[in-house]
Amino acid sequence: MTPCFVAPVSIRPGARSPTGTTACQQAGCLRFSLFLPSSSHRQNPPARQAHRHKAPTMLFNFFYNRAEDIDLDKLAEKHPAVLVTDLRKTFKKRVKGKGSDKKENKIITALDGVSFSANRGQVLGLLGPNSSGKTTTLRCISTMSDPDSGTAQMFGIDVHKDPYLAREMLGFVAQSAGLDKVLTGREHLELFADLAHLDRATKRRNIEAYIEVLGLKDFIDRQAGVYSGGVIRRLDMAIALLHQPPILILDEPTVGLDVESRMVIWNVLRHHRSQGGTIILTSHYLEEVDVLSDKVVIMDKGVVIAEGTPTELKNSLGGDRISIRLQEFTEMEEAELACATLRKRGLAQEAIINRVRNNTLELVVSSSNARVGGEIVGALGEIGFEKLFSFSQSKPTLDDVYLAATGQSLSDADQVAKEKRTDKAMRQESMA
Ligand SMILES: Nc1ncnc2c1ncn2[C@@H]1O[C@H](COP(=O)(O)OP(=O)(O)O)[C@@H](O)[C@H]1O
Ligand SMILES: [Mg+2]
């Protein structure tokens, strides 16, 4: 996203410029839109709830200084931190009609009844190939987009009925950061701390803390225009975390980052969770979702196809995976003999020969027998394969879960979807 226009610190939700557009519309800045009502509320502003007398203060500090009119501990006893129920969302797109140059409307179903929940202190990983509806789900939860139907709640508060309150409770890291090239990192942090109405002491303490934990010291007084992708992402994280929101939402937080930045971000996310924060993140990286998430929701074509802890999902597939290369160049007959032997002895539940990988044996074996690997090596030794070229045993991965549910691997599905959806289309969609 192009760097955004920087609104004065005194920007207020829904404030109009002399031209009648909001700062957000002028800037095309996703982050500023968090300070503004979503489209339907801009047209029909909701009546303020009776118990809230003050103007919405946007983001305030729930961990150090809970809002007077909300007892998060009490709410968390009765409600999950995030509850999404039957979200549906369609988009109209102008496309060229078949056989003519005329444009016609095409309806795209981005979400087709998405439901899931995350408890307080949990990390929920949303996994799915490109175009599966991850970003649309996050935009609906964070009030930046109105669903056609369905609800999203934070601690029992319907985010579309009370978007001001919902926004006070969340931090959002979008797929691409909306930073200003001219401001320094520190000026960004100060600006957003003021927008979040942090008091002076909290502001100073939190800014220094996040500069430290996100490793921003060497860059913080330079203009953001010279930052690398990793530093931009870390600064974006610091901005989202400044007010210590009880719910943190991140859209592909580590895509394209160097290993160091990725590790820093992982550590900060783990720390936020240990403080009682709830995190919803999307990622293309299977291992990232696997390592960080307490719960995984796998999406495909706008629907949830699997949900559970990473271990539950993987265990649901049954046995471990063993991959054996008998020799550097294995003949087909040799691989067939080995397969038949292992099947006959009941050591493999399934055995196939992977021709693409040099006639490698791919086995599914019982995960309850801890010695099965040794027994297989012994059985192969008895038929003449004393020295194996390679042997590896692993648990099923989340990719195997996706494969079992859809019949294709996540990376294949991602590739197919990417070919259909250009970068330009994605940029336009994120501004819509
Ligand atoms: N503003 C929009 N206008 C038209 N189509 C959109 C818009 N936003 C998303 N889409 C479409 O909705 C589907 C889901 O998109 P998205 O939620 O961005 O998926 P993901 O984040 O999983 O890649 C895609 O087919 C995408 O093209
Ligand atoms: Mg996305």
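Scoring rules and cut-offs
Residues numbered from 1 in each chain as written. Chains lettered and ligands numbered in written order. Predicted model: local features only at pLDDT ≥ 70, side-chain atom pairs only at ≥ 80, totals over all residues. Core = buried A, V, L, I, M, F, W, Y, C linked by C-beta atoms within 7 Å. Buried ≥ 20, exposed ≤ 12 C-beta atoms within 10 Å, placed from the backbone. Helix = DSSP H or I, 4+ residues; strand = E, 2+ residues; numbered from the N terminus. Contact = placed C-beta atoms within 7 Å. Pairing = 2+ DSSP bridges. Axes fitted to C-alpha atoms, helices over the stretch in contact; angles between N-to-C directions. pLDDT = per-residue confidence, 0-100.

Asker: I keep staring at the nonpolar core and nothing clicks. Help me out?
Answerer: For soluble globular proteins, the rule of thumb is that nonpolar side chains tend to be buried together. Ranked by size, the top nonpolar core spans 78 residues in total, and within it Ile141, Ala238, Leu242, Ile249 and Ile280 carry the most contacts. Sorting elements by how many residues they give to this core places helix H9 (residues 229–241) first, with seven residues. What Ile249 contacts, discounting residues up to four positions off in sequence, is Leu138, Ile141, Ser142, Leu170, Phe172 and Ile280.

Asker: In this structure, what is going on with the sheet that holds strand E8 (residues 278–283)? I would like to understand it.
Answerer: In spatial order, the strands read E6-E7-E8-E3-E9-E10; together these six strands make up an open sheet with mixed pairing. Strand pairing shows two members of the sheet lacking a second neighbour, strand E6 (170–173) and strand E10 (303–308), which therefore form its edges. Direction aside, neighbouring strands of the sheet carry axes that sit 15° apart on average. Sheet topology note: the strand E9 (residues 295–300)/E10 ladder contains five bridges and is antiparallel. By the bridge assignment, Ile298 is partnered in E10 with Ala306. Across the sheet, H9 lies against E6 and strand E7 (247–251), angled at about 165° from E6, the strand it touches most. Helix H15 (residues 398–406) contacts strand E3 (123–127), E9 and E10 of the sheet and is inclined by roughly 40° relative to E9.

Asker: Any chance you could explain the confidence of the model for the protein chain here in plain terms?
Answerer: For residues with low pLDDT, the predicted coordinates do not support detailed interpretation. Averaged over the protein chain, the pLDDT score is 81; the fraction of residues at 70 or greater is 82%. This model gives residues 1–68 a pLDDT under 50, and the stretch forms 114 contacts once residues within four places in sequence are excluded.

Asker: Just to check I follow, could you spell out the pairing of strand E1 (residues 82–96) for this structure?
Answerer: Regular strands place side chains that alternate from one sheet face to the opposite one. The sheet contact formed by E1 and strand E2 (residues 103–118) spans 13 bridges and is antiparallel. Bridge pairing in E2 places Arg94 opposite Asn105. For E1 and strand E4 (residues 149–154), the ladder comprises five bridges, and the chain directions are antiparallel. Within the sheet, the bridge partner assigned to Val82 lies in E4 and is Met154.

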